[in-house]
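# Examining the three-dimensional arrangement
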2 protein chains.
Amino acid sequence: MNPEEIDTEWVERFPGLSRLEPATKKLLLQRSTVVSMPESTVIFGPGKSPENMLFLLSGTVRVQQVSETGHEIVLYRINAGESCVLTTACLLAYDDYSAEGIAESAVKAAAVPRQVFDDLVAQSPSFRNFVFAAFSKRITDLFLMIDEVAFQRMDVRLAHKLIELSKGGDQISTTHQKLSVELGTAREVISRQLQEFQRRAWVEQSRGTVRILDRAQLEKLAARD
Amino acid sequence: MNPEEIDTEWVERFPGLSRLEPATKKLLLQRSTVVSMPESTVIFGPGKSPENMLFLLSGTVRVQQVSETGHEIVLYRINAGESCVLTTACLLAYDDYSAEGIAESAVKAAAVPRQVFDDLVAQSPSFRNFVFAAFSKRITDLFLMIDEVAFQRMDVRLAHKLIELSKGGDQISTTHQKLSVELGTAREVISRQLQEFQRRAWVEQSRGTVRILDRAQLEKLAARD
DNA sequence: CGCGGCTATGTGACATTGTCACTGTTCGCA
DNA sequence: TGCGAACAGTGACAATGTCACATAGCCGCG
């Protein structure tokens, strides 16, 4: 909790919630607290179920999975304006699973107690709509991810990920190791693919960064699906 | 709808619903209709959103995905006692996606109109609980599936799938092609793996069937994760 | 400055899996 | 009986994963 940054109007700036009934907004604001967490905080994980539902106001949370074999893969990210509802709900129901949520940057979020969340779902049709839409989006995204992991070529997936991580810029600060976790593959595979991209003058590498030289070509490859 | 098979007590036999409040049960029974569908019915799919939520009373529904490349993979099955809530909800929210649900056997289900479903969520805490538990289970299962597809060896996955499909018996009626769709791989890969299993005398093959000879060895391999 | 120690990256050999283009086999049925 | 469709087998090759290393850049510290 960060007193000087309390924002009693956060609901208005939350895309999915601004159209709620006034009474619902009031309840949300009254019964929630705004919390801040530094980068790298483990927000939830094995044996660490949160007791609150979070609504992300700023920052991003990376949700990833570590399998028994030590392999890791990034499942998805929760950005400002989205909620952890589903992941939180999952943890409440099945606390023996292996995904964890990590603050990828400093994070500010509204924490809503479980009971309040339940009341909101009961009271507000538009809040129900918001929650079910979030669940639905997540499930359909997971469907697409399964399809990609199972059937997509690595070069296409890497090109796609580079475009995504560049966020419009041309410089990406990351390592081959981190990229391999993003895609659920081995570091060596990333190294080889990046070398091939470099050979084609699509990217330029230096220790810890990848610079995009020919975005158009990368996008063309990424579109192959 | 199948008049002679109407079962006004189905709610009682539904594991997740039998503990609902009496008023909720009554509402469910009054406002739903029991429908029957023959095997191979496409219950939902691209461009075919159902207007009702289904609660499966008997039979199973296979949910699979067809990607643009023509590859297929089975995502999960819905068995008697479970509901299509999530998949249906997904379709309502994002009707441009590619998963489809197919009756794997003759299916009997209770159809609940969307509006009634919404009312139930609003009214009944235990129905909410049921719905969120279903969503949560599905999402955690999808997490596990992503992990398996990304990191598990094919022989382990096939052994696992054979055990699962055998349902305790030793005879499985399926083709290499169907097994490849179950695991999201190519038919040739299944053929090779089954030949290896056969060489080790773990299974016996004939056209359209696989017979398990050494379940213990298959289970031992399947446990490798 | 130079020297470890750490992290990041490169490399080659090999195993596994996916793809392609076939062939052969079995089954149902006209 | 012959034909077509579905099912299964095969070999060559490409793509990806695994392993055991080697090499290179970075940083703090004496």
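The structure this text deals with has already been given above.
What counts and what doesn't
Residues numbered from 1 in each chain as written. Chains lettered and ligands numbered in written order. Predicted model: local features only at pLDDT ≥ 70, side-chain atom pairs only at ≥ 80, totals over all residues. Heavy atoms only, no water. Contact = heavy atoms within 4.5 Å. Buried area = accessible area lost by both parts, 1.4 Å probe. Salt bridge = Lys/Arg side-chain N within 4 Å of Asp/Glu carboxyl O. Near = heavy atom within 4 Å. Polar contact = N/O pair within 3.5 Å; in protein donor to acceptor, adjacent residues only side chain to side chain. Helix = DSSP H or I, 4+ residues; strand = E, 2+ residues; numbered from the N terminus.

Our next topic: the interface of chain A and chain B. Reports of interface size often rely on the accessible area that becomes lost once the parts have come together. Taken residue by residue, the interface counts 41 residues in chain A and 41 residues in chain B. Each partner contributes to the roughly 3800 Å² buried at the junction of chain A and chain B, and carbon and sulfur atoms together form 75% of this total. Run the count over chain A and chain B and you get two salt bridges. For A:R128, the salt bridge identified is with B:D118, shortest N-O distance 2.9 Å.

Another aspect to go through is the protein's contact with DNA strand D. DNA strand D sits among 19 residues. The nearest are A:M154, A:T185, A:E188, B:R187 and B:Q195. Take A:M154: an N or O atom from its main chain is 2.6 Å from a phosphate oxygen of DNA strand D. B:H176 places a polar main-chain atom, nitrogen or oxygen, 2.9 Å from a phosphate oxygen of DNA strand D. Mapped onto the surface near DNA strand D, the elements with two or more residues apiece are α7 (187-199) of chain A together with α8 (187-199) of chain B. In terms of residues, the surface near DNA strand D owes the most to one element, α8(B), which gives five residues.

What follows is about the environment of B:L142. As for its placement among the helices and strands, B:L142 is situated in helix α5 (residues 125-151). With 66 residues separating them along the chain, B:L142 and B:Y76 place their C-alpha atoms 8.6 Å apart. Filtering out sequence-adjacent residues up to four positions away, B:L142 remains in contact with A:I139, A:L142, A:F143, A:I146 and B:Y76.

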